[in-house]
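# Descriptive structure summary
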There are 2 protein chains.
Amino acid sequence: MNKESTGGRPISAQASAALKEAALRLVRAKGYNKVSIAVIAKEAGVARQTLYNRWNTKADLVLDALFEEAQNYAAAPSLNDTRDSRVLLEEFLTNVFHHLTDNGDMMRALIAAAQIDRAFHDTFYAKFVLPRDRMITDLLRLAQTRGEFSSDRNAELVSGFIHGAFWYRLLNRKALNADFARAIISEFFD
Amino acid sequence: MNKESTGGRPISAQASAALKEAALRLVRAKGYNKVSIAVIAKEAGVARQTLYNRWNTKADLVLDALFEEAQNYAAAPSLNDTRDSRVLLEEFLTNVFHHLTDNGDMMRALIAAAQIDRAFHDTFYAKFVLPRDRMITDLLRLAQTRGEFSSDRNAELVSGFIHGAFWYRLLNRKALNADFARAIISEFFD
DNA sequence: TTACTTATTGGACTGAAGTCTAATATTTAT
DNA sequence: ATAAATATTAGACTTCAGTCCAATAAGTAA
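Residues numbered from 1 in each chain as written. Chains lettered and ligands numbered in written order. Predicted model: local features only at pLDDT ≥ 70, side-chain atom pairs only at ≥ 80, totals over all residues. Heavy atoms only, no water.

## Observations regarding the interface of chain B and chain A
To keep things clear, this is the line we draw: When checking whether two residues touch, look at their non-hydrogen atoms; a contact exists if any pair is within 4.5 Å. Here the buried area means the combined drop in accessible surface, using a 1.4 Å probe, for two parts upon being joined, counting both sides. By salt bridge we mean one thing: a side-chain nitrogen of Lys or Arg within 4 Å of a carboxyl oxygen of Asp or Glu. As used in this structure description, the phrase polar contact means that two N or O atoms lie within 3.5 Å; if the pair is within protein, one of them must be able to donate a hydrogen and the other to accept it, and residues adjacent in sequence are counted only when both atoms belong to side chains. Strands here are runs of E lasting at least two residues and helices are runs of H or I lasting at least four, both read from the DSSP assignment and numbered beginning at the N terminus.
Listed as interface residues are 32 residues of chain B and, on the opposing side, 32 residues of chain A. A buried area of about 2,900 Å², summed over both sides, lies between chain B and chain A, and 59% of it is on carbon and sulfur atoms. Contact with chain A buries area across many residues of chain B, yet Gln115, Tyr168 and Arg173 of chain B alone supply 26% of it, more than any other trio. Counting every contact that joins chain B to chain A gives 2 salt bridges. A salt bridge links Arg153 of chain B to Glu187 of chain A; its shortest N-O distance comes to 2.4 Å. Here chain B is connected to chain A by 16 residue pairs in polar contact (both at pLDDT 80 or more). Listing elements by their share of the side of chain B that touches chain A, those giving two or more residues are α5 (85-116), α6 (118-145), α7 (155-171) and α8 (178-188) of chain B. Looking at the side of chain B that touches chain A element by element, the count peaks at 10 residues for α7 of chain B.

## Overview of the pattern of salt bridges
Scanning the model with the defined rule gives 30 salt bridges over all chains in all. Here Lys20 of chain B makes a salt bridge to Glu68 of chain B, at a shortest N to O gap of 2.7 Å. Remark: Glu68 of chain B occurs in helix α4 (residues 58-69) and Lys20 of chain B occurs in helix α1 (residues 13-30); sequence separation between them is 48 residues. Residues joined in a network through salt bridges with shared partners are Glu21, Arg25 and Glu43 of chain A.

## Examining the packing of aromatic side chains
Note the threshold: A pair of aromatic rings is counted whenever rings of Phe, Tyr or Trp (Trp by its six-membered ring) have centres within 6.5 Å, and the orientation is called stacked for planes under 30 degrees apart, edge-to-face for over 60 and tilted otherwise. Three labels apply to residues, based on accessible area from a 1.4 Å probe with only protein chains included: buried if under 20% of the type maximum, exposed if over 50%, partly exposed otherwise in between.
Under the criterion given, the structure shown has 21 aromatic pairs over all chains. When the centroid spacing of 5.3 Å and the interplanar angle of 50 degrees are considered together, the rings of Phe161 of chain A and Phe188 of chain B count as tilted. Residue Phe161 of chain A is found in helix α7 (residues 155-171), and its partner Phe188 of chain B is found in helix α8; the two belong to separate chains. For the residue pair Phe161 of chain A and Phe188 of chain B, the accessibility class agrees, reading buried in each case. Aromatic side chains Phe188 of chain A and Phe188 of chain B sit 5.6 Å apart centroid to centroid with 75 degrees between the ring planes, which places their arrangement in the edge-to-face category. Taken together, the positions of Phe188 of chain A in helix α8 (residues 178-188) and Phe188 of chain B in helix α8 put the pair across two chains.

## Describing the protein's contact with DNA strand C
Formally: Neighbouring residues are identified by heavy atoms, a residue being near a molecule or strand if any of them is within 4 Å of it. Three residue categories are used. Nonpolar comprises Ala, Val, Leu, Ile, Met, Phe, Trp, Tyr, Cys and Pro, charged comprises Asp, Glu, Lys and Arg, and polar comprises the others, including Gly.
Every one of the 25 residues lining DNA strand C counts as a neighbour, but Gly8, Arg9, Thr50 and Arg54 of chain A together with Gln49 of chain B are closest to it. Each atom of DNA strand C within 4 Å of the protein belongs either to a base or to sugar and phosphate, the latter forming 64%. In the model, a base oxygen of DNA strand C is placed 3.3 Å from a nitrogen or oxygen of the Gly8 of chain A main chain. Here a phosphate oxygen of DNA strand C and a backbone polar atom of Ser12 of chain A are 2.9 Å apart. Secondary-structure elements contributing two or more residues to the surface near DNA strand C are α3 (48-54) of chain A together with α2 (37-44) and α3 (48-54) of chain B. No other element matches α3 of chain A, which puts 5 residues into the surface near DNA strand C. Within the surface near DNA strand C, the residues separate by chemical class into 8 nonpolar, 12 polar and 5 charged.

## Here we look at helix α2 (residues 37-44) of chain A
Residues and elements named next belong to chain A. Here is the rule we go by: The directions from the helix axis to the C-beta atoms form the arc being described.
Listed as buried for α2 are Ile37, Ile40, Ala41 and Ala44. With its buried residues spanning 95 degrees around the axis, α2 presents them on a single face. Of the surrounding secondary structure, the elements contacted by the buried residues of α2 are α1 (13-30), α3 and α4 (58-69). One or two residues past the end of α2 sits Gly45, with phi positive at roughly 75 degrees.

Take a look at the structure:
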């Protein structure tokens with residue numbers, strides 16, 4: 001578990017940063033599928049093997065880069081916020097939809113990669129899908145303790161329904177906007 | 001629009017059939033991503049170019065093969081069936097889930113291909129996604145005329161929610177079973 | 001300084017998707 | 001029979017992902 005059990009040349013943080021920066025920039029400029037690993041490495045000024053030393057696939061690199069860029073990428077709604085749960089959820093969804101509108105190509109590509117590559121699926125699910133699913137589950141449970149969402153309902157299940165609703169729209173390349181956020185609220189929350 | 005405007009060697013129906021058969025068999029045996037176009041062609045006993053003359057990608061071929069295999073692949077529920085709409089929907093979903101349980105790898109791969117390849121997305125959406133979405137939309141509208149589903153609700157929107165629910169489960173490699181079908185019914189139909 | 005360890009680099013190599021072409025085969029129209 | 005049109009075949013070629021390796025660089029421990 002030590003970062004360095006013995007000596008040896010340290011991993012270049014500069015190379016890592018350059019790779020992540022180049023990956024995001026090129027993918028945004030040209031589209032995920034138009035950017036090859038070789039071009040990302042060249043643009044970052046490092047050898048291809050250096051990229052493979054850090055990430056197994058382009059998807060792993062891009063996921064990592066996205067995370068680093070946006071610590072606050074659609075942050076979880078505060079569970080201390082005293083406004084109505086419907087408002088909190090709507091605000092959260094509207095936020096997520098903005099990010100998906102900006103980064104839709106990338107997110108669709110990552111979801112696709114997770115279908116093709118089992119190892120990436122596991123990473124993506126653990127690092128991205130599940131945490132986000134839990135954000136809404138937690139919000140629904142909060143709403144239940146407040147009496148704003150029926151305690152009879154299964155929060156996990158409903159969170160899955162909500163995510164399914166916008167995944168389906170995303171994957172079929174339909175717009176994700178504030179109207180759709182409101183439609184979700186009124187479907188599941190009333 | 002003529003099948004043959006003038007003369008010329010006709011397309012070999014036998015080659016088409018052999019390619020579709022080989023594609024399904026190999027994909028089921030080895031998994032979608034482990035089967036190359038070259039191997040499918042070799043197994044079918046035709047040249048690779050003959051495959052490309054018919055389909056642009058492996059995804060197009062497999063989609064076609066799936067359609068041919070199952071004309072009755074999760075057929076639309078009969079709109080003349082007089083049983084309660086909940087029963088019709090539950091039966092339909094259970095059917096779909098059985099097929100997705102058997103062909104989940106293939107379906108996930110096709111959805112992934114639609115994310116990577118815009119042209120295939122359009123084909124897949126028009127030939128597969130939209131018709132299936134309409135089956136549930138139509139069923140919900142029938143339920144509305146029967147007074148079994150509130151006329152206030154937007155059938156198209158709810159159909160999208162239902163599809164989203166099981167797409168999300170499918171793409172995250174969770175089981176699709178009769179319990180989940182019932183959970184969907186009670187969420188959206190009551 | 002020297003030995004050891006690990007990272008980086010550049011290049012070779014394989015397998016697959018996809019494009020292209022020349023030669024050949026199979027059909028219809030004359 | 002011959003010409004015209006289209007399909008099939010085999011193979012060359014490019015690009016990319018992914019693997020592997022030997023030489024070199026950059027650290028740590030003695």
